[in-house]
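# Structural description and commentary
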4 protein chains.
Amino acid sequence: MKKIISSILFLTLLTSTIYGQTGKVFDNLTVTSKILKDERKYAIYLPPDYETSERSYPVLYLLHGAGDDQTGWVQFGEVLHLTDKAIKKGEATPMIIVMPDADTGKRGYFNDISGTWRYEDFFFEELMPHVEQKYRIKSEKRYRAVAGLSMGGGGTFMYALHHPELFSSACPLSAYVGPLTVEQLKSRLDRGEETYKEADLQPYFDRHNALSLIESVSVDDIKSINWFIDCGDDDFLYEGNSLVHIALRKKEIPHEYRVRQGAHNWTYWRESLPVVLSFVSDTFHQH
Amino acid sequence: MKKIISSILFLTLLTSTIYGQTGKVFDNLTVTSKILKDERKYAIYLPPDYETSERSYPVLYLLHGAGDDQTGWVQFGEVLHLTDKAIKKGEATPMIIVMPDADTGKRGYFNDISGTWRYEDFFFEELMPHVEQKYRIKSEKRYRAVAGLSMGGGGTFMYALHHPELFSSACPLSAYVGPLTVEQLKSRLDRGEETYKEADLQPYFDRHNALSLIESVSVDDIKSINWFIDCGDDDFLYEGNSLVHIALRKKEIPHEYRVRQGAHNWTYWRESLPVVLSFVSDTFHQH
Amino acid sequence: MKKIISSILFLTLLTSTIYGQTGKVFDNLTVTSKILKDERKYAIYLPPDYETSERSYPVLYLLHGAGDDQTGWVQFGEVLHLTDKAIKKGEATPMIIVMPDADTGKRGYFNDISGTWRYEDFFFEELMPHVEQKYRIKSEKRYRAVAGLSMGGGGTFMYALHHPELFSSACPLSAYVGPLTVEQLKSRLDRGEETYKEADLQPYFDRHNALSLIESVSVDDIKSINWFIDCGDDDFLYEGNSLVHIALRKKEIPHEYRVRQGAHNWTYWRESLPVVLSFVSDTFHQH
Amino acid sequence: MKKIISSILFLTLLTSTIYGQTGKVFDNLTVTSKILKDERKYAIYLPPDYETSERSYPVLYLLHGAGDDQTGWVQFGEVLHLTDKAIKKGEATPMIIVMPDADTGKRGYFNDISGTWRYEDFFFEELMPHVEQKYRIKSEKRYRAVAGLSMGGGGTFMYALHHPELFSSACPLSAYVGPLTVEQLKSRLDRGEETYKEADLQPYFDRHNALSLIESVSVDDIKSINWFIDCGDDDFLYEGNSLVHIALRKKEIPHEYRVRQGAHNWTYWRESLPVVLSFVSDTFHQH
């Protein structure tokens, strides 16, 4: 009797090993933020073997662009289908993907200049601890990656350059690299009717564009991150990304850089995602 | 022994729920209609990851032709197999497909001329709210599409042109575009022994054929829908579809139009379905 | 020893002629025309086995559009590569393809209204006899086809409808079907500063547009030709082709009609050519 | 004796059966140059159907880099194999490829600053007329393209920008875009012990780097050329190519730009060649 049951169990395990093959996506989860005084939404991708194993996983924070929210990579980016496929083909290792909402309340991934809206603090002090505790996520630098598109590409640059001790790879796609001059920053703030002290402009500028940070952050810290930078030849953000490539080359910081046929749209990013998944997996695999 | 069997059953259910990578079709669901004073049937397709994820999905309303009912696209159209395949190949995004019955009580997708049978009202006021509440369906225009064949192609034209604020894409296949003259309408009503007032004929005609609506609906509204129109070169409905193509071109309204080898039959429509799924997915994807 | 070498040389030449498996294209041939008082150019495609066999072949007259000349189908249409490939795959039977220049002196395939420029007479009285005598071309209706694009699609319609006794298949692609009204004809003539008698307008119109000819030529004659009509959904010539489809359907004249994705360009026509070759081959093969 | 001949016959038949269908490369041809007072070498690729047809062909001038000569693209670039393959697959149209030697006597594609060595004049006044007369090459701008790598990428930029009336497409690969400052030019000349007048420096600089020419040549002229620019992310020539991309985008000049994984080597260029062949074919084809 026992034998029959264990045979059934064995067969069931066998078939679930063979046929267990889709991941799961939840696109309407919440975390309570004291810093932002709100319930904040996020979406998550769990790999196909998440529920049948007890292991912990590397994590990719995947950031949406302006105008989207936490569902953007789910609906337009086909994160479930593309990640399942990449894992099945052996091009990506099973990982958890966290997609936070940076569109509610105020748009963007950073603390504002006056310090009243502190999204970046929320990200590092509340969201990251929340998901790392709620899901079986490995917490070493080696197993943490960040990627994002457009505004989320900017988040990717800044998060990695502000916290090189936390990320082993960073993949800004079609990234807004930040204001290219202090004047650009100023006019953006004025347009948004944000209040600021004149004296804060330069320090805020220095901390929120990739080119300044490449100059100010130590070369060793930047080199401790594996970079994959990608921007279509018809993308309106061509200039910032070209200048970042030049700046990194001049400082001899290794990085992958790609310019493919395409513009600032989801057709481009759906092509980029499998490459990103494979790239961060190489880092997760590295010894 | 019974215990073993029920264990097996449980395990089987568990594994097939978690690991069965196919979508599901239910073809005998019902919704109570106060408007039509009846239980109305519909069929639904849920994508492979519906039960294992908690995200919401775009929706396609897929309309059958005269003589079929809600099971037409399931039995003859192979909606399960073809949609699963298109999703697996990455040519379609996971979506929910709703297939209502327009064959019981009275045939067709519209309110009748006397206002005693109000199917169109049922569709928008009862069926749509019902499925959008019962299933995880996104409710913005961007994520709602309508398609259908023959009489259901007519439903597709009219629903989209009556409610351009609700649909982002519309795919009439081998469509009956409505009566081409008031006389045609009149003789159809007389054949059906429907009672009507003479004065209602012209307004009813104007509202129930695609050519009149293309003239009366604002160009911006019609342009807010992505159109895919398809009719075989041996189809008996060649004239209406050719005239719609000419009318849309003359008003410079972008639309995809196809004439392939074939007649008014399921061989043709089974070839059209994957193209429709890919076309509406492009809209759901933005690019 | 010298003899052996020259034998080898001879055999090498012979075999490379025999086994070099490509057809030949000549794009700068001439025929003397008394009617047009000029040397007229044409291009020709000879099938791979033309020089190694002694058989005769079916012939396809393939007409270029306005602005091109006899080299259009060679350079832009890839007639050599595509025909070789279609023959190799067994989708087309070996045939000779004749591509006349209708761009020199005066543009177009027809006699003009005043009878001073008689291109159509040149085609039937001089070019056809010339190539049928110079090359091993079968001269029965069954083995003669005509196809062409745009202005050459108009030539295809009119040549076939003027001489149904000469062509077994006709394939107008993205065809200019002729002026849709006498006024259109008049304004075209006035624009070109052509002299004409008012009384000649209606008869000339009746003879030079497909829609009038479909009405006036006997149904049996039109049916004696196999028709393949093809025009992209973004082509500016959509109206004439849609109306021809409607007119032929109303007269119950069998014809293949296609509308694919595409506009008035060579990308479209390079996709059409293999279908045309296969279609006319089916006719050549018919018993 | 008979036996030898029949063996030869058999081998000939065998090889012509197997190998009939390839293009031909000659890599040691010469043209007499009065300008350079020398016999100059060049290599040529003729497409598979060159000898069996009598049509004329488009032409691609394909320039080698520093340290190579006219055999570079033949030996290292696999021009025969890759072009045959691209033509066979229908990705390239049959074309003639001319590969001149710019390594003998003095290295480079330009007239020198003192006017004693006039390679550019030789190219346009002697080489081009020679090959266009000796081979069946079409001589309109539409059918002439130029491409090259490294130093030959610089030749590509400058030839196309000096003579926009002659080339319809230009494909600089991993291009040396010229000296980025007058000082760089000066130090290069001094290193090469070239004599020059101080006053000639600025004009020579202005004419021999892509960035200056993009500013001085009319936008319409630059736009009349289809550009394909490609440079690996690990290539040491990253800066000039990035700046050219920025400069062209700022002037809103359409161009294809690619950055793939790779450095300044033949592995990269062998991957680029098929893309170049397809790109110039699109231009030769119109659409």
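Residues numbered from 1 in each chain as written. Chains lettered and ligands numbered in written order. Predicted model: local features only at pLDDT ≥ 70, side-chain atom pairs only at ≥ 80, totals over all residues. Heavy atoms only, no water.

## Remarks on the overall build of chain A
- Counting its secondary structure elements, chain A contains 11 helices and eight strands.
- Considering only residue pairs separated by 6 or more positions, chain A has 75% of its internal contacts joining residues 24 or more positions apart.
- Total accessible area on chain A is roughly 11900 Å²; 53% of this is exposed by carbon and sulfur atoms.
- Separation of charge centres in chain A, based on 32 positive and 40 negative side chains, amounts to 6 Å. (Helix = DSSP H or I, 4+ residues; strand = E, 2+ residues; numbered from the N terminus. Contact = heavy atoms within 4.5 Å. Areas by Shrake-Rupley, 256 points an atom, 1.4 Å probe, with all protein chains shown as cover. Lys, Arg positive; Asp, Glu negative; His and termini not counted. Charge placed at Lys NZ, Arg CZ, Asp CG, Glu CD.)

## Side note on the arrangement of the chains
- With four pairs of chains in contact overall, the greatest share of contacts is found between chains A and B.
- Contact between chain A and chain C is absent, and the minimum C-alpha spacing across the pair is 20 Å.
- For chain B and chain D, which are not in contact, the least C-alpha distance works out to 20 Å.

## Structural notes on the confidence of the model for chain A
- Looking at chain A, pLDDT values average 92 and 92% of them are 70 or higher.
- Taken as a whole, residues 4-19 of chain A scores under 50 in pLDDT and shows 11 contacts with residues more than four places along the chain or in a different chain. (pLDDT = per-residue confidence, 0-100.)

## Some words on the side chain of Ser174 of chain A
Residues and elements named next belong to chain A.
- Along the chain, the position of Ser174 falls in the loop between strand 6 (169-173) and helix 6 (182-191).
- Residue classification places Ser174 among the buried residues on the basis of a relative accessible area of 0%.
- Excluding anything up to four places from it in sequence, Ser174 contacts Ser150, Asp230, Cys231, Asp235, Leu237, Asn241, His264, Tyr268 and Trp269. (Buried < 20%, exposed > 50% of the residue type's maximum accessible area, 1.4 Å probe, protein only.)

## Examining the pattern of salt bridges
- Counted by the stated rule, this structure contains 59 salt bridges over all chains.
- Among the ionic pairs, Asp233 of chain A bridges to Arg258 of chain D, the shortest N-O distance being 3.1 Å. With Asp233 of chain A in the loop between strand 7 (226-230) and helix 10 (238-250) and Arg258 of chain D in strand 8 (residues 256-258), the pair connects residues from two separate chains.
- By relative accessible area, which is 0% here, Asp233 of chain A ends up buried.
- Residue Arg118 of chain C is joined to Asp121 of chain C by a salt bridge in which the shortest nitrogen-to-oxygen separation is 2.6 Å.
- Judged by its relative accessible area of 29%, Arg118 of chain C falls in the partly exposed class. (Salt bridge = Lys/Arg side-chain N within 4 Å of Asp/Glu carboxyl O.)

## Focus: helix 10 of chain A
- Here helix 10 of chain A is 13 residues long and its end C-alpha atoms lie 18 Å apart, about the 18 Å a rise of 1.5 Å per residue gives.
- Burial runs high along helix 10 of chain A: 10 of the 13 residues are buried.
- Taken as a whole, helix 10 of chain A has its buried residues at Tyr238, Gly240, Asn241, Ser242, Val244, His245, Ile246, Ala247, Leu248 and Arg249 of chain A.
- On the buried face of helix 10 of chain A, the contacting elements are helix 5 (151-162), helix 8 (210-216), helix 9 (219-223), strand 7 and strand 8 (256-258) of chain A together with helix 10 (238-250) of chain D. (Expected span 1.5 Å × (residues − 1).)

## A closer look at the packing of helix 6 (residues 182-191) of chain C against helix 7 (residues 198-207) of chain C
Residues and elements named next belong to chain C.
- At a minimum axis distance of 10 Å, the contact between helix 6 and helix 7 shows a crossing angle of 120°. Relative to helix 7, the element helix 6 is oriented oblique. Crossing of helix 6 over helix 7 shows right-handed handedness. Two secondary-structure elements touch here, helix 6 through Val182, Leu185, Lys186 and Leu189 and helix 7 through Glu198, Leu201, Gln202, Tyr204 and Phe205.
- Its residues assigned to classes, the contact of helix 6 with helix 7 shows six nonpolar, one polar and two charged. (Axes fitted to C-alpha atoms, helices over the stretch in contact; angles between N-to-C directions. Parallel < 35°, antiparallel > 145°, perpendicular 65-115°, else oblique. Left-handed = near helix turned anticlockwise from the far one by under 90°. Nonpolar A, V, L, I, M, F, W, Y, C, P; charged D, E, K, R; others polar.)

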